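Close look at the chain arrangement
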Amino acid sequence: MLEVEGLSVSYGAVQALTDVSLSAAAGSTTAVLGANGAGKSSLLRAISGIAPIGAGCIRLDGQDVTRLSPQARARHGLAHAMEGRRLFRQMNVEENLRLAWSFGARSTPWAAALEDVYARFPILAQKSRIASGLLSGGQQQMVILSCTTIRSPRVLLLDEPSLGLAPLIVRQIYAFIAGFARDSGATVVIAEQMASIALQVADRGCALRRGRVALTGTATELLRGGLAATYL
Ligand code: ATP
């Protein structure tokens, strides 16, 4: 369970978020929507502890983590796949996965965790010995999602998972996210500009406009309301 209450974030004179509140239940998926610069990344970064919080609070499973370091929040089961596909590019696929697994709860033995990744993304089994930096953008996104989920997070933050990817790959990536959300019971929050695709897997959505919550509702309500045309 993730709760954000009255959150404000600013970078010097730039006010990125003002009085943002959000509640996401365990086992639910929430889409954070909004145009370029609306504040989506700042919200995720504040939740994981890497953006400066001016006011408000963040609770994970009822515990106030607002003043905790990113590392301490990670120990509370929070994982954040940031925008921009950050991987150890010289390391091969399996080495990246192994490293991510070693930092997690390790509730699943390594061999079983690896088998699960390869079952979900068979192409990664074929590329297991290839340096990650040499993979296509879609394959790198698969490695990042696998590295983030192999740690068995209780709260998973995904920033623009579809960015720059072909439609077919976006569908695969979102099928993976939906599968993880269903099987893990984790709280999943996805920041995404492509409202229609995120709302297909989300239970609820929250649209930001100029750093404020412009609209919240169930995914069905937001899709029916023609959210993209009206609010973004
Ligand atoms: P995008 O999709 O482009 O990443 P976003 O919705 O994620 O957009 P943010 O990246 O959170 O939005 O940016 C919100 C506002 O904060 C924007 O005005 C942006 O220019 C500003 N901003 C973000 N990061 C910084 C920073 N490190 N320093 C100064 N201003 C920043």
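Residues numbered from 1 in each chain as written. Predicted model: local features only at pLDDT ≥ 70, side-chain atom pairs only at ≥ 80, totals over all residues. Heavy atoms only, no water.

- With an unreviewed UniProt entry as reference, the protein is termed Amino acid/amide ABC transporter ATP-binding protein 2 (HAAT family), source organism Humitalea rosea.
- Heading Sequence similarities (unreviewed entry) of the UniProt record for the protein holds this comment: "Belongs to the ABC transporter superfamily." (UniProt positions renumbered as here; feature names shortened; annotations may be inferred.)

1. Quick look at the side chain of Asn96
- Here Asn96 is to be found in helix 3 (residues 93-102).
- A polar side-chain atom of Asn96 sits 3.3 Å from the main-chain carbonyl oxygen of Met91.
- Of note is the side chain of Asn96, whose polar atom sits 2.8 Å from the side chain of Ser132.
- Non-local contacts of Asn96, meaning those with residues more than four positions away in its chain, are made with Leu87, Phe88, Met91, Ser132, Val143 and Cys147. (Helix = DSSP H or I, 4+ residues; strand = E, 2+ residues; numbered from the N terminus. Polar contact = N/O pair within 3.5 Å; in protein donor to acceptor, adjacent residues only side chain to side chain. Contact = heavy atoms within 4.5 Å.)

2. Quick look at the packing of helix 3 against helix 4 (residues 110-120)
- With their axes 11 Å apart at the nearest point, helix 3 and helix 4 run at an angle of 125° to one another. With respect to their mutual orientation, helix 3 and helix 4 come out oblique. Where helix 3 crosses over helix 4, the two elements pack in a sense that is right-handed. Where helix 3 abuts helix 4, its residues Glu94, Leu97, Arg98 and Trp101 lie against Trp110, Ala113, Leu114, Val117 and Tyr118.
- Residue composition of the contact of helix 3 with helix 4, grouped by class: 7 nonpolar, no polar and 2 charged. (Axes fitted to C-alpha atoms, helices over the stretch in contact; angles between N-to-C directions. Parallel < 35°, antiparallel > 145°, perpendicular 65-115°, else oblique. Left-handed = near helix turned anticlockwise from the far one by under 90°. Nonpolar A, V, L, I, M, F, W, Y, C, P; charged D, E, K, R; others polar.)

3. A short note on the pattern of salt bridges
- Within the structure shown, the criterion is met by 8 salt bridges.
- In this structure, Arg129 engages Glu94 in a salt bridge whose closest nitrogen and oxygen atoms are separated by 3.9 Å. One end of the pair, Arg129, is in the loop between helix 5 (122-126) and helix 6 (137-149); the other, Glu94, is in helix 3, and 35 residues separate them in sequence.
- Assessed through its relative accessible area of 61%, Arg129 is described here as exposed.
- Between Arg182 and Asp183 there is a salt bridge, with the nearest N and O atoms lying 3.5 Å from each other.
- Asp183 gets classed as partly exposed once you look at its relative accessible area, which sits at 47%. (Salt bridge = Lys/Arg side-chain N within 4 Å of Asp/Glu carboxyl O. Buried < 20%, exposed > 50% of the residue type's maximum accessible area, 1.4 Å probe, protein only.)

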